[in-house]
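Descriptive structure summary
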There are 4 protein chains.
Amino acid sequence: MATKIIELEKPKLKNPLFIEGLPGIGHVGRIAAGFLVEELKAKKMAELISSHFMHYVLLHQSSSVHMLKNELYYWKAKGANQRDLIILIGDSQSIDSEGHYEIANEVLSFVKKMGTKEMITLAGFGIGESKEKPRVIGAVSDMDVIKRYKKFDIDFDAGSKIGTIVGASGLFLGLGKYYDIDGVCLLGETAGYPILPDPKAAEAILKVLSSILNVKLDFGKLEKRVKEMEEFIKKFEDMQRKTLAHLTARGDKPEGDDLKYIG
Amino acid sequence: MATKIIELEKPKLKNPLFIEGLPGIGHVGRIAAGFLVEELKAKKMAELISSHFMHYVLLHQSSSVHMLKNELYYWKAKGANQRDLIILIGDSQSIDSEGHYEIANEVLSFVKKMGTKEMITLAGFGIGESKEKPRVIGAVSDMDVIKRYKKFDIDFDAGSKIGTIVGASGLFLGLGKYYDIDGVCLLGETAGYPILPDPKAAEAILKVLSSILNVKLDFGKLEKRVKEMEEFIKKFEDMQRKTLAHLTARGDKPEGDDLKYIG
Amino acid sequence: MATKIIELEKPKLKNPLFIEGLPGIGHVGRIAAGFLVEELKAKKMAELISSHFMHYVLLHQSSSVHMLKNELYYWKAKGANQRDLIILIGDSQSIDSEGHYEIANEVLSFVKKMGTKEMITLAGFGIGESKEKPRVIGAVSDMDVIKRYKKFDIDFDAGSKIGTIVGASGLFLGLGKYYDIDGVCLLGETAGYPILPDPKAAEAILKVLSSILNVKLDFGKLEKRVKEMEEFIKKFEDMQRKTLAHLTARGDKPEGDDLKYIG
Amino acid sequence: MATKIIELEKPKLKNPLFIEGLPGIGHVGRIAAGFLVEELKAKKMAELISSHFMHYVLLHQSSSVHMLKNELYYWKAKGANQRDLIILIGDSQSIDSEGHYEIANEVLSFVKKMGTKEMITLAGFGIGESKEKPRVIGAVSDMDVIKRYKKFDIDFDAGSKIGTIVGASGLFLGLGKYYDIDGVCLLGETAGYPILPDPKAAEAILKVLSSILNVKLDFGKLEKRVKEMEEFIKKFEDMQRKTLAHLTARGDKPEGDDLKYIG
């Protein structure tokens, strides 16, 4: 079935800025974008499902199931110094290279139709140790973009360390060129242990983001939000690990139904 | 070739209830749905073949071969308190994530065209030990559905244990939302050893199911049916394991013809 | 690019019998079908290339390269007791399940258009030891077919050993049903060591085949043919093994150019 | 999204010769083709991106990102004894067999439309040891091509060593047949250690190439160019290895964002 975007609402947006925050290292991008959605009370406009996500559903407390999906939210500017936003969050990134490209193309094509010309992607940046004050490192789709973000607290020395950005945050930025959407990737420094969500790195990104967007965020609530997310994240990552190990390491039972307890 | 549904008959059905029971943990769903097809003398209406099944055929006693396939059966209500049914059984689930999504979408699209608005998916639920009286645990596509099933002997506390449902039974339930088909997944508690079919867990599900559907089932025959299935299941699982191990662990001979003796 | 059949000639054939012999255990099917093509001086009518073959080319003595491909040959009946034939041989089978289904479907669809209603697939049958007089075991697409082949020296007890046929010979037979093409699979008993081509098992199949087809074959040439094939087969299998090991076991250098010496 | 070719310019070319040089063993083909592009000041006419490349972007010194891509350049003949050229270079080859076929087909279809009837593919040829004077070995799409290249310093004994050419250089040559594009593959002898770019093997190829094309190349600059490339190549290969190891060996974190320091 490939990748499907199901539209729930068709808002009229004015030159919207697209913000991407999917799960990744320390779940930095996911936490930051999710918090933005909550704080701004952004509205859901579309859901994305894909056969490049794992083949299972998650159970809620209510015993209702939840497909792995990505979600697009929008928010309309309240003041003159603000901009309309489209925010992408989700449970998962693609489990293969092909899906990464497919999903990024589908989403970029969608936000392009909504009038998007600019994006900010949010991610973690593994440095192998925890930092009291994690920095926010910036990468751009092309050099001109740096000018626009110079005045913010972003370290644009990333390139000097010669690196790569794996997954959605990098691909969206790179593929944007073919959709005339330029932008910046904000990477919050994090230890890089995959299991632990890192709210501090997310907070560092959110501080920069609140300046860029001219929106106020109640950082007091962030820690509480992260607590709520932790259980979900733990369940998801544990499942993903087990299912992948299942499929790749051994030959038995790739098909089947399984219900796992955690904690 | 992706996934193909080959229609054999086009029955007119009235608001049919869709029941899914494919192989999985303890083959609980497969045994229960297969027994239902036998007991109700349901008629085959379609076959599904897919390039997401393993690339081999099974040999019958008669020396004739048998493609891996899923099958759709229908049954027309005999009484006023009964409903028309469409039942999905099969030899196999997809061997990759992409196929799981593709097959679920193809089947849901098919049963939707037949007028389906509601489904029951059947599966096992691995608890790591055998139980004298396995419970039936329920998960729903959305919370409202619980009301419809409250009066039956189903434990709707699944969500409190925080889990996931891997494979067809979960995906059908989750994807149903995009086809306006809601429903419940009935999970029979089973030890979870993949090789052994668990008729007791299947019986627990079938008891609940016979109340829901208002049909009488002769449980005396169940054990005999399971015996007949065991040889087939053993052959299938053994082959699947060997073929997958073949393809993934070593680099030699992914192509080729092979005929294996078992038992 | 999926799978492409490139037609070279469009012969008019009368109710042609389709014979499949691709590489597999002991290369039994491949040797038998290749020998038939040589002995009958069958003409090439089409080539099949597929992105489900490995991504390399083979070098001939002449320094010219050779794509991995399958080939379709035809032969017109010379006498009243003979039939027109279409024979499929090739360098390789698909390297994944999906490709196996895709290629079988493409070929069946092609031979169906040529008027085919019947097929014979040729394969090896691993028994773990060498036999002085390997038997030919038969599997059929449906029970009625056995009658047609009862008078030949084929053991139709295969089913009693409960097994599976992996790869092309099985899938062609199974999928044939959806193209109204029925048939038999002839499996020559072979030790099953993948590296060694087994001309004795191929000869056993060819003897049965020459009776069925009413054609005379000069078995004196068979050993010479096999010698000529051996070098090619060794090169191919060695490369396949190395390339697969390359791709799966380690993470380095899946891309790249490589030229290997053998022998 | 499969594979996309994005045209940047539509030059009119006269019977252009197509030259392929993508990364591979010792990066021989990539270095040679890249140097040709630089020395001839060839112009970029198209970019190719593919979901069969790895799912990450590379960071430049400037902190701008760079999608993995292939690039097509053209050069117009300056003299009567020269020919118009189309040159393919790139960061990466496909990471799977299917992509290799898809990309080769897309590119061949593209250059065919530009009037191409002939090609030269460039690659390394691993011999397990360094040589003071690496030879250039030739393989051809069909035997007639050898005549055209006999007068140049190419060893056409490759076939006698019985081998294969893995990846783009081989596939382009083999698939060319189906596009009526014939040609030669020039393989520079190299030790075959994957990490180290081998400018000496590239130089050997370039010397032959400059005779064939009647163009002068300043080989004094070659070493400097290779130095500049080395850092990029190291980063790319290291990342590729890590990402693949990540995806295949363990089950954890196939999704995610990652920024790696190297050197």
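Going by the structure above, here's the rest.
Section: the sheet that holds strand β11 (residues 182-190) of chain C
Residue and element names in this part refer to chain C. Strand order in the open sheet formed by 8 strands is β1-β3-β6-β7-β2-β8-β11-β9, with mixed pairing between adjacent strands. The open sheet has two edge strands, β1 (3-7) and β9 (136-140), and neither has a second partner. Across the sheet, the mean angle from the axis of one strand to that of its neighbour is 20°, orientation sign disregarded. With 6 bridges joining them, strand β6 (residues 70-75) and strand β7 (residues 85-90) adopt antiparallel strand pairing. For N70, the partnering residue across the bridge sits in β7 and is G90. Running at roughly 30° to β1, helix α2 (residues 97-113) makes contact with β1, β2 (17-20), β3 (43-50), β6, β7 and β8 (118-126) of the sheet. Strands in contact with helix α5 (residues 199-213) are β2, β7, β8, β9 and β11; relative to β11, the strand with the most contacts, it is inclined by about 150°.

Some remarks on the packing of helix α2 (residues 97-113) of chain B against helix α4 (residues 168-176) of chain B
Geometry of a packed helix pair, given as the angle between the helix axes and the separation of the axes. Residues and elements named next belong to chain B. Running from N to C, α2 and α4 point in directions that differ by 55°, and their axes come no closer than 10 Å. As far as their axial angle goes, α4 and α2 are oblique. Where α2 crosses over α4, the two elements pack in a sense that is right-handed. Here H100, Y101, A104, N105, V107 and L108 of α2 lie close against α4, whose contacting residues are A168, L171, F172, L175 and G176. Classifying every residue of the contact of α2 with α4 by side-chain character gives 8 nonpolar, 3 polar and no charged.

A word on the pairing of strand β2 (residues 17-20) of chain A
Residue and element names in this part refer to chain A. The two faces of β2 match: L17 and I19 on one face and F18 and E20 on the other face are all buried. Pairing between β2 and strand β7 (residues 85-90): 4 bridges, direction parallel. In the sheet register, E20 faces β7, and the bridge partner there is L88. Two elements, β2 and strand β8 (residues 118-126), share 4 bridges in a ladder whose sense is parallel.

Considerations on helix α5 (residues 199-213) of chain A
Residue and element names in this part refer to chain A. Look at α5: 20 Å from first C-alpha to last across 15 residues, which is about the 21 Å you get at 1.5 Å a residue. Residues of α5 that are buried include every one of A201, A202, A204, I205, L206, V208, L209, S210, I212 and L213, and no others. For α5, the side-chain oxygen to backbone nitrogen distance between the N-cap and K200 is 3.0 Å, and the N-cap itself is D198. One or two residues past the end of α5 sits N214, with phi positive at roughly 55°.

With respect to the sheet that holds strand β4 (residues 56-59) of chain B
Read from one edge of the open sheet, 3 strands run β5(B)-β4(B)-β10(C), paired in antiparallel fashion. Taken across any chain shown, the strands that pair with only one partner, and hence form the sheet edges, are β5 (65-67) of chain B together with β10 (164-166) of chain C. Each neighbouring strand pair of the sheet contributes to a mean axis angle of 30°, computed without reference to strand direction. Examined bridge by bridge, β4(B) and β5(B) share 3 bridges and lie antiparallel to one another.

Considering the pattern of salt bridges
When charged atoms on two side chains of opposite charge get close, those side chains can pair. Within this structure, the stated rule accounts for 58 salt bridges over all chains. Here K200(B) ties to E132(B) by a salt bridge, and the two come within 4.0 Å at their closest N and O atoms. On the criterion of sequence distance, the pair formed by K200(B) in helix α5 (residues 199-213) and E132(B) in the loop between β8 (118-126) and β9 (136-140) is long-range, its members being 68 residues apart. Residue K200(B) is classed as partly exposed on the basis of its relative accessible area, which comes to 39%. Here E132(B) falls in the exposed class, since its relative accessible area comes to 66%. Counted as one network, the salt bridges with shared partners bring together K44(A), E47(A), E71(A) and K177(B).

Points about the environment of T3(C)
Residues and elements named next belong to chain C. For T3, the position within the fold is in strand β1. Here the alpha-carbon distance between T3 and E102, two residues 99 residues apart in the chain, equals 7.3 Å. Within the structure, the side chain of T3 is placed 2.9 Å from the side chain of S50, a separation counted as a polar contact. At a separation of 2.6 Å, a polar atom in the side chain of T3 contacts the side chain of E102.

Criteria and thresholds
Residues numbered from 1 in each chain as written. Chains lettered and ligands numbered in written order. Predicted model: local features only at pLDDT ≥ 70, side-chain atom pairs only at ≥ 80, totals over all residues. Heavy atoms only, no water. Pairing = 2+ DSSP bridges. Helix = DSSP H or I, 4+ residues; strand = E, 2+ residues; numbered from the N terminus. Axes fitted to C-alpha atoms, helices over the stretch in contact; angles between N-to-C directions. Contact = heavy atoms within 4.5 Å. Parallel < 35°, antiparallel > 145°, perpendicular 65-115°, else oblique. Left-handed = near helix turned anticlockwise from the far one by under 90°. Nonpolar A, V, L, I, M, F, W, Y, C, P; charged D, E, K, R; others polar. Buried < 20%, exposed > 50% of the residue type's maximum accessible area, 1.4 Å probe, protein only. Expected span 1.5 Å × (residues − 1). Polar contact = N/O pair within 3.5 Å; in protein donor to acceptor, adjacent residues only side chain to side chain. Salt bridge = Lys/Arg side-chain N within 4 Å of Asp/Glu carboxyl O.

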